[in-house]
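Structural overview for review
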Amino acid sequence: MERHYSVAIDGPSGAGKSTIARAAAQRFGFLYVDTGAIYRTVGLAAERRGIAYGDSAAVGELLGGLDIRLGHGEDGVQREFLGGEDVSGLIRTPEISRRASDVSAMPAVRAFLLDMQRSLGRSMSVIMDGRDIGTVVLPDADVKIFLTASAECRAERRFRELAAKGIDMGFDEVLREIVARDEHDSSRAAAPLTVAEGASVIDTSELTLAESIEAVCTVISEKLGVRP
Ligand code: DC
């Protein structure tokens, strides 16, 4: 039987995880799984239902009826479906970022999504990115990487991304959001963002995107003994 590899990439928002993980997955021919997008989809469902922030009882009730599916195009790009509707674009707004951060602190949400994430890693080789992949979702991952960058660098990248999408937010506000989200994701009781034991830490502050992809692929290649 062909061996399945698992690569866990964790780190704070805006460190470039998704872009880098997707590119690395394409090089190695692995499936790319963006777990943040799944939390965002739950966040969107909570938003649509008009649930108050922090109302974990209402979110808990919502979970039972949720139909969340992931699809992957030929290009390896993941798309998210909520009740059959493609919501991939709708979950990328600052509002849903805050929602995702809120619902992701709820233990019921994390438990609900755990099996879904683990089962994706069973059927084929994956590169999964998130906050708790190396610590909770795939603690036995073959490769663990913690991808980070300074808050200013991450805010600068996010600012440019939002501007390209026509979302008008000042740099200071983007930076404040990044710092607040870091704080929320790292200080929560349920699966906080931490460096997994044995993880290779890669700081992309001073690296270009191409250099970051190269650094990640080098770690994967060395650990797995396979070439991209
Ligand atoms: O990576 P992202 O910005 O799309 O993630 C959205 C939110 O989901 C973020 O606030 C942290 C949370 N998240 C999480 O708690 N655990 C994961 N494995 C992935 C994301």
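The structure reproduced in this document is the subject of the present report. It should be emphasised that the depicted structure is a prediction, and the values quoted were computed from it without experimental measurement. Numbering of residues starts from 1 in every chain and runs along the sequence as written. Given that the model is predicted, a residue must reach a pLDDT of at least 70 before its local features are reported, and side-chain atom pairs must reach 80 or more before they are shown or counted; all residues, however, enter totals for whole chains, interfaces and linings. Values shown for side chains rest on all heavy atoms present in the structure; no hydrogens or waters enter the calculation.

Re the sheet that holds strand β8 (residues 200-203)
Test applied: Two strands pair under a simple rule: DSSP has to find at least two bridges between them. Secondary structure is summarised from DSSP: a helix means a run of H or I of at least four residues, a strand means a run of E of at least two, and numbering begins at the N terminus for each. Interaxial angles span 0 to 180 degrees and are taken between N-to-C directions of axes, which are lines fitted to C-alpha atoms, for helices over the stretch in contact. Contacts are assigned to residue pairs that have any heavy atoms within 4.5 Å of one another.
Taken in spatial order, the 5 strands of this open sheet run β2-β6-β1-β7-β8, and their pairing is parallel. Each edge of the open sheet carries a strand with a single partner, namely β2 (31-34) and β8. Across the sheet, the mean angle separating the axes of adjacent strands is 20° when strand polarity is ignored. Against the sheet, helix α2 (residues 35-48) contacts β2 and β6 (126-130), and its axis sits at roughly 40° relative to β2. Sitting on the sheet, helix α5 (residues 107-123) touches β2 and β6, and the angle it makes with β6 is about 155°.

What about the nonpolar core?
Cut-off, in case you're wondering: Throughout, nonpolar core names a set of buried Ala, Val, Leu, Ile, Met, Phe, Trp, Tyr and Cys residues whose side chains join them through atoms within 4.5 Å. Here's how the labels work: a residue is buried when its accessible area is under 20% of the maximum for its type, exposed when over 50%, partly exposed in between, all with a 1.4 Å probe on protein chains only.
Of all hydrophobic cores here, the largest spans 22 residues; its most connected members are Ile9, Ile127, Ile145, Val216 and Ile220. Where this core is concerned, the elements lending two or more residues are β1 (6-10), α1 (17-28), β7 (143-148) and α9 (209-224). In this structure Ile145 touches Ala8, Ile9, Asp10, Ala199, Ser200, Ile202, Val216, Val219 and Ile220, once residues within four positions along its chain are discounted. In this structure, Ala46, Val59, Leu63 and Leu82 belong to the second largest nonpolar core, which totals 21 residues.

Quick notes on the site of the ligand
Note the cut-off: Near is defined per residue: the residue qualifies when any heavy atom it owns lies within 4 Å of the molecule or strand. Contacts described as polar in this section are N or O atom pairs within 3.5 Å, which, within protein, must combine one atom able to donate a hydrogen with one able to accept it, while residues neighboring in sequence count only if both atoms come from side chains. Surface accessibility follows the Shrake-Rupley procedure with a 1.4 Å probe radius. Residue values consider only the protein chains on display as shielding. Following the grouping adopted for this structure description, the nonpolar residues are Ala, Val, Leu, Ile, Met, Phe, Trp, Tyr, Cys and Pro, the charged ones are Asp, Glu, Lys and Arg, and the polar ones are all others, Gly among them.
Around the ligand there are 16 residues in total, and Arg40, Arg110, Arg131, Asp132 and Arg188 lie nearest to it. In this structure, a nitrogen atom belonging to the ligand sits 3.0 Å away from a side-chain N or O atom of Thr35. The contact in question runs from an oxygen atom of the ligand to an N or O atom on the side chain of Arg188, over 2.8 Å. Contact with the protein chains covers 97% of the free accessible surface of the ligand, which is 450 Å². For the shell around the ligand, the secondary-structure elements that each account for two or more residues are α2, α4 (94-104) and α8 (171-187). Ranked by residues supplied to the shell around the ligand, first place goes to α2 with 4 residues. Of the residues contributing to the shell around the ligand, the split by class is 3 nonpolar, 5 polar and 8 charged.

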